[in-house]
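Geometric and topological summary
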Amino acid sequence: MPPHDRPRPGPRHTRPDRPHPPAHALPVAHREARRRRRAAVVLLLVAGLVGGGLAAAPAGAAEPAPFTFVVLPDTQNYVSTSANQATMGVQTRWIADHADELDVAFVSQVGDLVGVDTADVQWQRASQHMAVLDTAGVPNAVLPGNHDMNLTTGEAPLYRQYFPPSRYADASWNGATASYGGYLGQGLFGPDPVDRQNMDSFALFTAGGMDFLLLSLEMNAPDSALDWGRRVLAAYPERRAIVATHSYVDTAGGLTTQVARADGGNSGRAIWEELVRPSCSVFLVVSGHFSEGDLGEARRTDTNACGQPVHAVLTDYQDRANGGDGWLRYYTFDPAADEIRATTYSPTLDRYETDADSQFALPYAMTGTPTDPPPGPLAADAFGRALTGGWGSADVGGPWSVGGGTARFAVGGGTGQQSPLPGGTVTATLGGVSSTATDVTATVALDRIPSNALYATVSGRVVGSGDYGARVKVLAGGAVQLHAERSGTVLTGGTLPGVTLTAGERLRVRTQVEGTSPTVVRVRAWEDGQAEPTAWQFTATDATAALQGAGGVRLMTYVSSTTTGGALTARWDDLLVMPIGAAPPPPPPNQPPTASFTAMTAGPTASVDSAGSTDADGTIVSRTWSFGDGGTATGTTASRTYAAAGTYTVTLTVTDDDGATASTTRAVTVSAPPPPSTTLAADAFARTVTGGWGSADTGGAWTVAGGSARFSVGAGTGVTQVPAGATLTATLGSAAVAATATDVHATVALDTVPDGPLYATVSGRVVGSADYGARVKVLATGAVQLHTERSGTVLTGNTLPGVVLTPGARLHVRVQVQGTAPTTVRTRAWLDGTPEPTTWQYTTTDATAGLQTAGGVRLMAYLSSSTTNGPTTVRWDDLVATRLP
């Protein structure tokens, strides 16, 4: 993540004065005893495999011991400076020194190894520190974050140089309990369309009597990486899978929608939808990337396609002092307790962090008789190939059979494309799939919104020419209707409220077709990037005889014959077809909501936003605020204006639709309101105007007199063309400018010095036609006189010694007009490039009745009628008028 320049929030974490282990930390065990336990676990695993599959430990067998999985978050701010770079080495050395004590099974570095992807010295440092783990025989993996690659091209040459596949394939830690699996580009599971080297990789390890797979994916993993990841997971269905990637969960606990790569990639939410959710072996996702001051921890739990919880955890400490102060996270897997305990520790500070975001337990079933691995998909297709005249074969499910003209089909850009002409229907069917209990999900996007209706159907059972499925009807304005359908006949459905499809926008469609005599058809659809609805939007039952048997899967597009503009292309993607179990799994216990909010302050006002609060298995129905000063509020957003400056604790409490609550607090610091602006008027003349001066930057419109054709603005000055005997004035007279205590500064320059005197006046108070101000008199020799004046009458003044104005030279003029009955007028002037005088050159007081009130500001020029070389061009600039205290 890039550095943040926003103020750091108040303390959030509990950092004890003296280091102490958390209550759940592992006890120190003798190294040899721990090794004996691990050996026993491996023997049990081998015995189970020889017996024909993963089996439960026999009665009386040693209980699997706890083990540790370590996450090393963003290290960029360590290796970026010589002052901090040793901290990363302290982290890896601590892990190596405690590997036996903690029984470390694997270490995952989650990206942003370096701060600048082209800085070789940073890569040298990161490589050196990660080598500590290699030398100690501690299994580990890395992946590239946004700072490790070129975000325009997606390339990472120095990452590939310092962390190539050979570094891990040849590592000393490869053996019976841990091994490097391979990388995208190796072709382990069929041809790979790209070679990303170790930017996307997987590793295998065994611990606690269980087999695991760690899938490490690059920042904003592109479609090719997600397709490869699905193939890796499908090749090891019996292994419990952990996904590590750089950007997944944000600091508010949400699945991020950010895509930082210009070459294309997937957000955290898209990775969930396209990889994690349908891959039922994944139970944990670890990530970094997001931090905001001390805030760099968050977690959430979502339910996958098999009804099982998937925990996702963010850790990123890069914005803390000294590049992160060495904080790291490790997870203790305790099979006997069926839980994963999180510990946050800094080996540089020798401290544990024990607040609820840093020390917690995640439920995870590890004991009992292992269940059979979840069934794989009946069909799946990410369309990661290039074809014309058909769709070829799906990734899983066999060849596609197309109807409606092969020329209307193509595969490219990661989508399967159907391009029917108006009045045409095109279909793509996987006839090799046969099921009576089918769950189908796909996405569809249109290259344009039709001028009349388009129908896109996801069929979950196709028997002959008949089908059951979900039909999406896109209307001319982009409104969307969703129907449960039978062979084109609507069974039930309606308009999706709030959904308006635009060109290129992806709509996710899901249908379940289950049972026979009758068959139940369930449908739902939602815009990509939004959360999937928790309930089916429409459900129907039907018993049409010809469809009460097993069938295949189909994607179909039809365009109304009255649609204009020629063929319209529907782009299908992310097809996933899963079996529905004979009995649906029992509903999981209610997960409490997660409370999260952001806060911004402006003067005495704090504004809070709880949009980041989530409920993984329902909705949040109420949000209440306590502002720490007795004030309360409700709603997603709120604000509070405090009576006094200071630091206050704001508490948010959220309640979900099952009555569970969660609270979180944050300290906000507010200040006294800023003093009102003292600027009455200002003008840098950075515009072009003829026939006047237009409006000042501050102070409103200029009122000009003496002939508008003689006024213009250009080249950064307000210009007046003054003929002999003429007076030209420009006044800011609005109520917002009027004051009785005004300090005015401006510069004036002449294109030529006239042979008759010229008078240039900066008025600090203008009431009607009268004024108080500073008057400059430029003589034919360029000598300058300065006067305090009242309506053209000199009050005091004289020649400025040593000041001679030449053509183009700028003279600064400043006047203060302050008070009433009497009014004090002070003036000074100096050539540009010389220091402003420290004292007023001339000062006077006056009590003329008509001027003892608030007035505006004016610039005036008069050229003597005796001048023979006129007109003279007078250029004004840098006007600033402020209110005196």
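A brief structural summary. Keep in mind that what you see is a predicted model, and the values were worked out from it rather than measured.

The subject of this paragraph is the state of the cysteines. Think of a disulfide as a covalent bridge from one cysteine sulfur atom to another cysteine sulfur atom. Across all of its chains, the model carries one disulfide by this definition. Paired through a disulfide, C280 and C306 show a sulfur-sulfur distance of 2.0 Å. In this structure, the disulfide formed by C280 and C306 twists by about 85° around the S-S bond and is classed as right-handed. Of this pair, C280 sits in the loop between α9 (268-276) and β8 (282-287) while C306 is found in the loop between β9 (297-303) and β10 (309-315), placing the two residues 26 residues apart along the sequence.

As a further point, take the sheet that holds β8. Reading across from one edge, β4-β5-β6-β7-β8-β10-β9 is the order of the seven strands in this open sheet, with mixed pairing throughout. Each edge of the sheet is formed by a strand with only one pairing partner; in this case those strands are β4 (178-184) and β9. Neighbour to neighbour, the strand axes of the sheet diverge by 20° on average, direction disregarded. Pairing analysis gives four bridges linking strand β7 (residues 240-245) to β8, with the strands arranged parallel. Across the sheet, V243 pairs through a bridge with V285, a residue of β8.

In this section: unusual backbone geometry. In this chain, A821 is followed by P822 through a cis amide linkage whose omega measures 10°. As for its position among the elements, P822 is in the loop between β49 (810-818) and β50 (823-831). Note the cis peptide between G870 and P871, where omega equals -5°. Following the sequence through the fold, P871 ends up in the loop between β52 (856-863) and β53 (872-883).

Sheet topology places strand β24 (residues 479-486) next to strand β25 (residues 489-500); seven bridges connect them, and they run antiparallel. Looking at β25, one finds that E485 is bridged to V490. The antiparallel pairing of β24 with β25 creates a hairpin that spans two residues between the two strands, and S487 there sits at a positive phi of about 55°.

Right, let's talk about the packing of helix α3 (residues 86-97) against helix α5 (residues 120-136) for a bit. It is the contact of α3 with α5, at a shortest axis distance of 9 Å, that shows an interaxial angle of 5°. In this view, α3 runs roughly parallel relative to α5, as classed from their interaxial angle. Together, M88, G89, T92, R93, I95 and A96 of α3 and A126, H129, M130, V132, L133 and A136 of α5 make up the contact between the two elements. A per-class count over the contact of α3 with α5 returns eight nonpolar, three polar and one charged.

So, about the nonpolar core. Among the nonpolar cores identified, the biggest contains 65 residues, and F69, L113, F163, F205, Y331 and F333 are the most heavily contacted of them. A total of five residues in this core trace back to one element, the largest contributor, which is strand β1 (residues 67-72). With near-sequence residues (within four places) excluded, F163 lies in contact with L113, W123, A126, S127, M130, V142, Y168 and N198. Core analysis: the second largest hydrophobic core is formed by 48 residues, A681, V722, A760 and L811 among them.

In this section: the packing of aromatic side chains. If you walk through the whole model with that rule in mind, you get 32 aromatic pairs. Taking 5.9 Å as the distance between ring centres and 35° as the angle between the ring planes, the aromatic pair formed by Y168 and Y180 counts as tilted. Of this pair, Y168 sits in helix α7 (residues 165-169) while Y180 sits in strand β4, and the two are 12 residues apart along the sequence. Residue classification places Y180 among the buried positions, given a relative accessible area of 14%. Ring geometry for F283 and F333: centres 6.2 Å apart, planes at 85°, overall edge-to-face. Taken together, the residues F283 in strand β8 and F333 in strand β11 (residues 328-334) connect sequence positions 50 residues apart.

It is worth spelling out helix α8 (residues 223-235) at this point. Taking 1.5 Å per residue, 13 residues should reach 18 Å; α8 reaches 18 Å between its end C-alpha atoms and fits that length. For α8, the set of buried residues is S224, A225, L226, D227, W228, G229, R231, V232 and L233. Buried residues belonging to α8 abut β4, β5 (197-207), β6 (210-217), β7, α9 and β8.

Another point: α3. With 12 residues, α3 ought to run about 16 Å at 1.5 Å a step, and its terminal C-alpha atoms sit 16 Å apart, in line with that. Among the residues of α3, those classed as buried are T87, M88, G89, Q91, T92, W94, I95 and A96.

Turning our eyes to something else, we now look at the pattern of salt bridges. A side chain of one charge can pair with a side chain of the opposite charge if their charged atoms are brought near each other. Inspection of the entire model under this criterion finds 41 salt bridges. A salt bridge links D683 to R687; the nearest nitrogen and oxygen atoms lie 2.7 Å apart. Between R814 and D743 there is a salt bridge whose closest N-O contact spans 2.5 Å. Here R814, found in strand β49, pairs with D743, found in strand β44 (residues 741-750); they are 71 residues apart in sequence, far enough to count as distant. Salt bridges sharing partners connect three or more residues here, namely E155, R160, R196, E218, R261 and D263.

Reading guide: rules and limits
Residues numbered from 1 in each chain as written. Predicted model: local features only at pLDDT ≥ 70, side-chain atom pairs only at ≥ 80, totals over all residues. Heavy atoms only, no water. Disulfide = S-S within 2.5 Å. Helix = DSSP H or I, 4+ residues; strand = E, 2+ residues; numbered from the N terminus. Pairing = 2+ DSSP bridges. Axes fitted to C-alpha atoms, helices over the stretch in contact; angles between N-to-C directions. Parallel < 35°, antiparallel > 145°, perpendicular 65-115°, else oblique. Contact = heavy atoms within 4.5 Å. Nonpolar A, V, L, I, M, F, W, Y, C, P; charged D, E, K, R; others polar. Core = buried A, V, L, I, M, F, W, Y, C linked by side-chain atoms within 4.5 Å. Buried < 20%, exposed > 50% of the residue type's maximum accessible area, 1.4 Å probe, protein only. Phe/Tyr/Trp six-rings, centres within 6.5 Å; stacked < 30°, edge-to-face > 60°. Expected span 1.5 Å × (residues − 1). Salt bridge = Lys/Arg side-chain N within 4 Å of Asp/Glu carboxyl O.

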